[in-house]
Amino acid sequence: MTDATLSVAAADLEAAARRRRILNLVVHGLLIAASVLMLYPLLWMLSASLRPEAEIFGSTSIWPSEISFEAYRRGWFGLQESFGVFFRNSFVIAVLSVIGNVMACSLAAYAFARLKFRGRNFWFAIMLGTLMIPYHVTLIPQYVLFLNLGWVDTFLPLVVPKFLAHDAFFIFLMVQFFRGIPRELDEAAMMDGCSPWRIYWKIMLPLSMPVLATAAIFSFLWTWDDFFGPLIYLNDMRNFTVQLGLRSFVDSSSQSDWGGLFAMSTLTLVPVFFFFLFFQRLLIEGIATTGMKR
Amino acid sequence: MERPQAMPAPAAAGAAGAERAGRFARFWSANGAGYMFLAPWLIGFMVLTAGPALISLYLSLTDFDLLRPPNWVGTANYERIFTADAKFMASMRVTLFFVIFSVPLKLAFALAVAVALNRGIRGLPLYRAIFYLPSLLGTSVAIAVLWRQLFARDGLVNSFLATFGIEGPSWISHPDYALWTLIILSVWQFGSPMIIFLAGLRQIPTDMYEAASLDGASKSRQFWKITLPLLTPVIFFNAVVQTIESFKAFTPAFIISGGTGGPVNSTLFYTLYLYQEAFGFLRMGYASALAWILVVIIAAFTALSFLSSRYWVHYDD
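Treat the numbers as computed from the prediction; the structure is a model and nothing was measured. (Residues numbered from 1 in each chain as written. Chains lettered and ligands numbered in written order. Predicted model: local features only at pLDDT ≥ 70, side-chain atom pairs only at ≥ 80, totals over all residues.)

*Asks:* When you look at the overall build of chain B in this model, what are you seeing that I'm missing?
*Replies:* On a plain count of helices and strands, chain B comes out with 13 helices and 0 strands. Secondary structure elements of chain B occur, N-terminal to C-terminal, as α-α-α-α-α-α-α-α-α-α-α-α-α. With respect to the principal axes defined by its C-alpha atoms, chain B has extents near 95 × 55 × 40 Å. Out of the 317 residues belonging to chain B, those deemed buried represent 38%. (Helix = DSSP H or I, 4+ residues; strand = E, 2+ residues; numbered from the N terminus. Buried ≥ 20, exposed ≤ 12 C-beta atoms within 10 Å, placed from the backbone.)

As structure tokens, this is what we get:
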């Protein structure tokens, strides 16, 4: 090889590297633009909640000229019941739902993943089938059932189904995880005379913390965000969740208190954002491995 | 031990009963543990899913209104839905329009961003987190409230347009545009399909690309000939899940239209119409029929997707 061809090859490589660098810059530029576009509405809401009422509209800027928490105070007490009540209710419902889902779904998942019993495959297929059924089909008879039990306008219709593993998606999620736990562990325990209950409690659950955490977080978020369930079952404002509270705020204050509305909207997103910040990896892995809808 | 007082049944039946009990004891000792663990779900399935599904099928053939016992009306509800219900037709049109535009747009965005992120780009976790956030916040009322203000007459979108001297309409109260604001909201939440695409892209062996580059295949050719075909199972999965979810969308339309599905039924999602019939007018029998039609439509869409998948989804064996 002569020096000339070598230097041509080197120049080629350099040009290719430069092209790659430029392309990378372009991609970064596009991604940053997209990120800004994605986040802008959220930041705008946050800033609108912090600025004086007169400044909210007619401006695309997200920098408030002065920061005031007045809108938060107005919004918090903007309805007959304060948002403190709604937050407490949402929190109680979400925590109970987490407990119910984790308990009931892990029990069923353990049965499907590890125990031998007649009809297991049949019930497993049925369970997967229930994932496909839109809830609208069971909605009305369920409502009539809860109405007859006197449960309408209590938290029970929103919570009791979770203790009956009604969110079968989490069963599926846990079965997948349980199957990955080495069988030798529970077989050895079985040899030592451990009951299935002890194996479930002492071996499976401690080894399944990641999936239990994923299920717990998603249960919390889905329950927190749920609007349809509370809309149907809760009537008295004292029982409202934050989502219903916001909706009432929209209805009552239409055209008047945007600052308060934005302030309360922002507040209801805070718990979700908190989970996003601290459990992002679990959330993203949960979606990547199971194909969750959101 | 005390024996039970008089057995009312004849001896033979008693023996059969004992045998049955014995068989049950054997069944229980072999399978009992499984059913004990399954019990909460099994009870839930019977009481909350199977039972209600059958009952709603029955109710769909009645005039049930929650206040009086249901009267059998045969297929009258279904006949009215298909022949004399303009609102049903409107809601069907709105829902199909929403599904047909929001799902492909959302998936196209998700795929484009996933491919851009998969180049081994720096800052991937940060980008991924930013793009995922809307999808996590998405269904809450707060976001619907925000959307209402973004597209209001004096909202952010029009303020932005005003800087270019364009005077935008009130998007959410214009029948031609209201549905589009909801489609944009749905596309904005492309985060979770994007994450699933990213996971799928990771599965494609890099040596395929190396071999293709050696053969002189350009990047775009590699995308169309390697990436896309190998990703079809993931595309298929995302398409089915997002289609079903879009059929069930409710909250944004409810909040943005104030529960009416307006203006002029332009955001009357199917689920919103069902809600109005059931809980607004208490036409529970009629709403049950609507629910069953939704099931059939979703099932048909899913079945069609699976049938069509034979022609475009590549599974490596």
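*Asks:* Any chance you could explain the nonpolar core here in plain terms?
*Replies:* Grouped burial of nonpolar side chains is what soluble globular proteins tend to show. Residues and elements named next belong to chain A. Membership of the largest hydrophobic core comes to 150 residues, with the highest contact counts inside it found for Cys-105, Ala-108, Ala-109, Tyr-110, Ile-171, Met-174 and Ala-215. It is helix α3 (residues 83-114) that contributes the most residues to this core, 15 residues altogether. When residues of this core are assigned to domains, at least three map to each of domain 1 (3-68) and domain 2 (81-290). (Core = buried A, V, L, I, M, F, W, Y, C linked by C-beta atoms within 7 Å. Domains from an automatic or database assignment.)

*Asks:* Please clarify how the packing of helix α8 (residues 191-203) of chain B against helix α10 (residues 219-247) of chain B should be interpreted in this entry.
*Replies:* Each pair of packed helices can be summarised by the angle the axes make with each other and by the distance between the axes. Residues and elements named next belong to chain B. Contact pair α8 / α10: the axes reach a minimum separation of 9 Å and the direction vectors enclose 165 degrees. When the interaxial angle is binned, α8 and α10 end up roughly antiparallel. Our pair here, α8 against α10, has a crossing hand that is right-handed. From α8, Pro-193, Ile-196, Phe-197, Gly-200 and Leu-201 reach across to α10, where they touch Leu-231, Val-234, Asn-238 and Gln-242. (Axes fitted to C-alpha atoms, helices over the stretch in contact; angles between N-to-C directions. Parallel < 35°, antiparallel > 145°, perpendicular 65-115°, else oblique. Left-handed = near helix turned anticlockwise from the far one by under 90°. Contact = placed C-beta atoms within 7 Å.)

*Asks:* Quick question: what am I supposed to make of the domain arrangement of chain A here?
*Replies:* One frequently used descriptor of interface size is the decrease in accessible area upon assembly of the parts. Residues and elements named next belong to chain A. As assigned here, chain A comprises domain 1 (3-68) and domain 2 (81-290). In this complex, domain 1 contributes 6 residues to the contact, which on the side of domain 2 involves 6 residues. Taken together, the residues of the side of domain 1 that touches domain 2 break down into 4 nonpolar, 1 polar and 1 charged. (Nonpolar A, V, L, I, M, F, W, Y, C, P; charged D, E, K, R; others polar.)

*Asks:* I keep staring at the interface of chain B and chain A and nothing clicks. Help me out?
*Replies:* Contacts between the two partners involve 72 residues from chain B and, on the opposite side, 65 residues from chain A. The dominant element in the side of chain B that touches chain A, judged by the number of residues it contributes, is helix α1 (residues 11-59) of chain B, at 18 residues. Counted by class, the side of chain B that touches chain A contains 50 nonpolar, 17 polar and 5 charged residues.

*Asks:* Help me understand unusual backbone geometry, please; the structure alone is not making it clear to me.
*Replies:* The omega torsion across Gly-262 of chain B and Pro-263 of chain B is -5 degrees, close enough to zero to call that bond cis. One can find Pro-263 of chain B in the loop between α11 (251-256) and α12 (270-280). Even without a glycine there, the phi angle at Asp-153 of chain A is positive, about 70 degrees. Of note, Asp-153 of chain A is situated in the loop between α5 (136-148) and α6 (156-163). Classification of Asp-153 of chain A by C-beta neighbours within 10 Å gives partly exposed; the count is 15. Although it is not a glycine, Leu-282 of chain B adopts a positive phi angle of roughly 55 degrees. By secondary structure assignment, the location of Leu-282 of chain B is in the loop between α12 and α13 (284-312).

*Asks:* Mind showing me how you'd approach the packing of helix α4 (residues 124-137) of chain B against α8 of chain B here?
*Replies:* Residue and element names in this part refer to chain B. Two numbers describe how α4 lies on α8: the axes approach to 7 Å, and their chain directions differ by 135 degrees. When the interaxial angle is binned, α4 and α8 end up oblique. Of the residues in α8, those in contact with Arg-128, Phe-131, Tyr-132, Leu-133, Pro-134 and Ser-135 of α4 are Gly-191, Ser-192, Met-194 and Ile-195. Of the residues assigned to the contact of α4 with α8, the class counts are 6 nonpolar, 3 polar and 1 charged.

*Asks:* In this structure, what is going on with helix α12 (residues 242-252) of chain A? I would like to understand it.
*Replies:* In an α-helix, one turn spans 3.6 residues; hence positions three or four apart end up facing the same way. The element α12 of chain A is largely enclosed, with a buried count of 8 among its 11 residues. Taken as a whole, α12 of chain A has its buried residues at Val-242, Gln-243, Leu-244, Gly-245, Leu-246, Arg-247, Phe-249 and Val-250 of chain A.

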